[in-house]
Amino acid sequence: MFCSSIRKQISYIKIDVSYSIFTPSKLPNAQEAQMTGLIVRLKPNTWVTEKMISHGNYDESLLLLKGELELRIDNSTYMIYEGDSFYIPKNCLHNYLNTSDEEATIIVYFSQSVY
């Protein structure tokens, strides 16, 4: 169990996005998590990062709980709506924009421990 009051919070000043990691980095018996789960909150008309990014060592899977996103992966663009999920393989350039008038909430999993 990992109580919400002790989740690691990450925010970036240059972009209006916050991350709340809900996967513990250490487990009982000195085990380490093999994935990272986080909640991303993205303000309206805001990109999740300042530029297109890729992850060389891990895949990313997302579930949009609230809002609408424009997802860019390599040279393709997709519209993502509440309840939709998407998968981003490692080494794929990507970014996503909250196109709705409300804060977007996204559950994100990385295929390895990242933080």
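On a predicted model such as this, the values are computed, not experimentally measured, just so you know.

(A) Representation of the environment of Lys-90. Among the secondary structure elements, Lys-90 is positioned in the loop between β7 (85-88) and β8 (94-98). Looking at Lys-90, the relative accessible area reads 44%, which means it is partly exposed. The sequence separation of Lys-90 and Glu-60 amounts to 30 residues, and the corresponding C-alpha distance is 7.4 Å. Among all residues touching Lys-90, those that are not within four sequence positions of it are His-55, Gly-56, Asn-57, Tyr-58 and Asp-59.

(B) View of the environment of Ser-20. Following the sequence through the fold, Ser-20 ends up in strand β2 (residues 17-21). Spatially, the C-alpha atoms of Ser-20 and Ile-39 are 5.1 Å apart, while their sequence positions differ by 19 residues.

(C) Local environment of the side chain of Asn-95. Along the chain, Asn-95 turns up in strand β8. A distance of 3.2 Å separates a polar side-chain atom of Asn-95 from the backbone oxygen of Thr-49. Only 3.4 Å separates the side chain of Asn-95 from the backbone oxygen of Lys-51, close enough to count as a polar contact. Other than its neighbours up to four places away in sequence, Asn-95 contacts Trp-47, Val-48, Thr-49, Lys-51, Met-52, Glu-70, Leu-71 and Arg-72.

Analysis parameters
Residues numbered from 1 in each chain as written. Predicted model: local features only at pLDDT ≥ 70, side-chain atom pairs only at ≥ 80, totals over all residues. Heavy atoms only, no water. Helix = DSSP H or I, 4+ residues; strand = E, 2+ residues; numbered from the N terminus. Buried < 20%, exposed > 50% of the residue type's maximum accessible area, 1.4 Å probe, protein only. Contact = heavy atoms within 4.5 Å. Polar contact = N/O pair within 3.5 Å; in protein donor to acceptor, adjacent residues only side chain to side chain.

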